[in-house]
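Close look at the chain arrangement
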Amino acid sequence: MKKFWIVFILGLFFCSCTFAQHIFQKHYGTQIGSDYVRKIIPTSDGGYASTGYTTSFGKGDKDMYLAKFSFEGNMMWSMTYGAEGHDEGISLIENSDGGYLIVGYTWTNTFGENDIYVVKTNANGQMMWNKTFGGSLKELAWDVVELSNQKYLLLCQTQSYSHGLMDICLMKITSTGGFEWAKSYGGVQNEWCYNMRKTNDGKYLLAGATFTYGSGKHDMLLMKVDENGIIDFCTIVGGASEDYAYCANQDGLGNYLIGGKTSSPANNQENIFVKLDNNANLVWQKYFGGNGEEVIMNILTTVENGYFVNGWTYSYSAGERDVFLSNFSTDGKLNWLKAYGGGEDEVVPTKSSFIVNEKIVIGANTKSFSSSTFRATEWDGYLIKADYSGNSGCYESDYFPSESNANLSISDITTTIGAMSASFKTSILGDDLEAGLESYSLCFTGVSENEKTENRIVLNNPFTNFLKIQLDESFDNSATIIIRDILGKEVFVKNYSSSINSFHIQTETWENGVYIVELHTDQLVNSIKVLKQ
């Protein structure tokens, strides 16, 4: 393909800039219905994208939606997907081609009670294809990852192909939605997992709960699998009562972290935070909370700042529930906790937080700040961007709970949990429509999008065997260039000063696809997508 040179004005048209002090709270929706967030992700242009369900737009009573935001949290566009019934998005990813893949479920024209629903879009949210997968009973999709061969691995839940009542399910599909295989895992009762994280060794970590194998009622379940669905280990953690895992992650040293809720240590539902070593042996277990219920929904890891843990709380709130964000040291000490929200109800789902440029972004839901005329019953999306001290600029309060040691037991059920193949029927469903979701600012601190500093960088885009990076002569700062693949993995890092403003990077061994070039200075971070062909 013919190469061409483009001068990109980063921060004006093609980039997003995240400034050192850039925090906010926003909500989005309409005055006519509910607009509920299930997941938010960072996008390669420095902004964000979210999915969930909307009753404000679409063909049915609830439709799956995709909303795209700028780095400031301002709404850029929104689309809905589905048919005349109930269609909901639960998770999404940005693809290596720059588009999006959304997974969830549908109650419309199903093979059973509800089916898995998968929608593939281009970068502007226009539908490229969709597929439903199901059996004679209930199925839904909780999460999805893109594999290195552009296929997809879905974390699902199945009743049609279960060992008992409801089973964990993994399904692999092709880049165009073709069914390849599915496997279910479970026992004679209920098992399910809510989220899927890629581990340091390229496998996948699943977090959820089991009733079949629990020492009490439900126990937390942590399972690690490869992309072919082969179990590496399956561990349960629990006590005499109810214990659920809603999230899991792995830190840079290989330790596994599990978060959720427990009623085993006390009468109330408390947060539970468990750390295992890289062999799934117990390191520590902590719980904390007040007189009400608390649930951990997301765990984020850092190299130097410990673990950021968030969820929702009744004990530490201005109204009903509030969103909370807390920080833990690696030894399990709770350092601080902040709660965000108004006088009504706020909740945060699992899989809906991430760290970007030393800021924490949380995608939640609010009734306190709802755009709807019927505020008490309708939800708006709620976006919080905070610094590493939890500061977001407004509607936040500090609380000082103390952590306690839990006494849950840990067991290995790798050779006990059942596994079998499944084969779903497939169909297609619905189409896309433009939506009119709007974003509203509660507070904003930083340099706004129309005040950004222009810094020029010259790139050969697309590129093949080398990438040339050259800064404009007017640039006179020390900086760092970081290049990441579409999954966020660093493939190149270089520090330079104003005396060295041009260099070539050999890229013959890089896989074809989208990469992100980031320019880091003391004041800002500029980023832009480039394509290797």
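Residues numbered from 1 in each chain as written. Predicted model: local features only at pLDDT ≥ 70, side-chain atom pairs only at ≥ 80, totals over all residues. Heavy atoms only, no water.

Turning next to the state of the cysteines. Per the counting criterion, the structure on display carries one disulfide. Between the sulfur of Cys394 and that of Cys443 lies a disulfide, 2.1 Å long from S to S. Its torsion about the S-S bond being -75°, the disulfide of Cys394 and Cys443 is classed as left-handed. One end of the pair, Cys394, is in the loop between strand 31 (380-386) and strand 32 (396-399); the other, Cys443, is in strand 38 (residues 438-445), and 49 residues separate them in sequence. Like Cys394, the residue Cys443 is buried in the burial classification. (Disulfide = S-S within 2.5 Å. Helix = DSSP H or I, 4+ residues; strand = E, 2+ residues; numbered from the N terminus. Buried < 20%, exposed > 50% of the residue type's maximum accessible area, 1.4 Å probe, protein only.)

Turning our eyes to something else, we now look at the environment of Ser78. Following the sequence through the fold, Ser78 ends up in strand 7 (residues 75-82). Engagement of the side chain of Ser78 in a polar contact is seen with the backbone nitrogen of Leu437, the distance being 3.3 Å. (Polar contact = N/O pair within 3.5 Å; in protein donor to acceptor, adjacent residues only side chain to side chain.)

For the structure on display, the rule yields 15 salt bridges. A salt bridge links Glu396 to Lys338, with the shortest nitrogen-to-oxygen separation between them at 3.5 Å. You can see Glu396 sitting in strand 32 and its partner Lys338 sitting in strand 27 (residues 334-340), a full 58 residues away along the chain. With a relative accessible area of 24%, Glu396 lands in the partly exposed category. (Salt bridge = Lys/Arg side-chain N within 4 Å of Asp/Glu carboxyl O.)

This part takes up the pairing of strand 42 (residues 490-496). Two elements, strand 41 (residues 479-485) and strand 42, share six bridges in a ladder whose sense is antiparallel. Bridge pairing links Ile483 to Phe492 in strand 42. Hairpin geometry of strand 41 and strand 42 is characterised by an intervening segment of four residues between the two adjacent antiparallel strands and by a positive phi of about 95° at Gly488. (Pairing = 2+ DSSP bridges.)

What follows is about the packing of aromatic side chains. Applying the stated criterion across every chain yields a total of 27 aromatic pairs. Centre to centre, the rings of Tyr28 and Tyr65 are 6.4 Å apart; their planes meet at 80°, and the pair counts as edge-to-face. Of the two residues, Tyr28 sits in strand 3 (residues 23-29) while Tyr65 sits in strand 6 (residues 63-69), which places them 37 residues apart along the sequence. Accessibility expressed as a relative area gives 1% for Tyr28, which makes it buried. An angle of 90° between the planes, with centres 5.9 Å apart, marks the rings of Trp312 and Tyr314 as edge-to-face. Judged by relative accessible area, Trp312 falls into the buried class, the value being 12%. Taking relative accessible area as the criterion, Tyr314 reaches 37% and is therefore assigned partly exposed. Put simply, the rings of Phe273, Trp284, Phe288, Tyr307, Phe324 and Phe328 touch in pairs and so form one group of aromatic residues. (Phe/Tyr/Trp six-rings, centres within 6.5 Å; stacked < 30°, edge-to-face > 60°.)

Let's shift gears to the side chain of Asp345. Within the element layout of this structure, Asp345 appears in the loop between strand 27 and strand 28 (346-347). Judged by its relative accessible area of 5%, Asp345 falls in the buried class. At 2.9 Å, the side chain of Asp345 and the side chain of Arg321 are in polar contact.

Here we take up unusual backbone geometry. Here Asn357, not a glycine, exhibits a phi torsion of approximately 50°, which is positive. Here Asn357 is to be found in the loop between strand 29 (353-356) and strand 30 (359-366). Despite not being glycine, Glu358 has its phi angle at roughly 60°, a positive value. Examined against the element boundaries, Glu358 turns out to sit in the loop between strand 29 and strand 30.

This part takes up the nonpolar core. Ranked by internal contacts, the top residues of the largest apolar core, which has 52 residues, are Leu170, Leu206, Leu221 and Met223. The element best represented in this core is strand 16 (residues 191-198), accounting for four residues. Leave out the neighbours within four places in its chain, and Met223 touches Ile168, Tyr185, Tyr204, Leu205, Leu206, Ile231, Phe233 and Cys234. By size, the runner-up hydrophobic cluster in this structure holds 18 residues, among which are Leu101, Val144, Met171 and Ala182. (Core = buried A, V, L, I, M, F, W, Y, C linked by side-chain atoms within 4.5 Å. Contact = heavy atoms within 4.5 Å.)

Moving on: the environment of Ile93. Structurally, Ile93 is set in strand 8 (residues 87-94). Spatially, the C-alpha atom of Ile93 lies 9.9 Å from that of Thr51, the residues being 42 residues apart in sequence.

Summarising the model, the protein shows a mean pLDDT of 88, and 88% of its residues fall at 70 or more. Contacts for the low-pLDDT stretch residues 1-20, under 50 throughout, to residues beyond four places or in other chains number 70 contacts. Across residues 451-455 the pLDDT falls below 50, and counting only partners more than four positions away or on other chains, this stretch makes 17 contacts in the model. (pLDDT = per-residue confidence, 0-100.)

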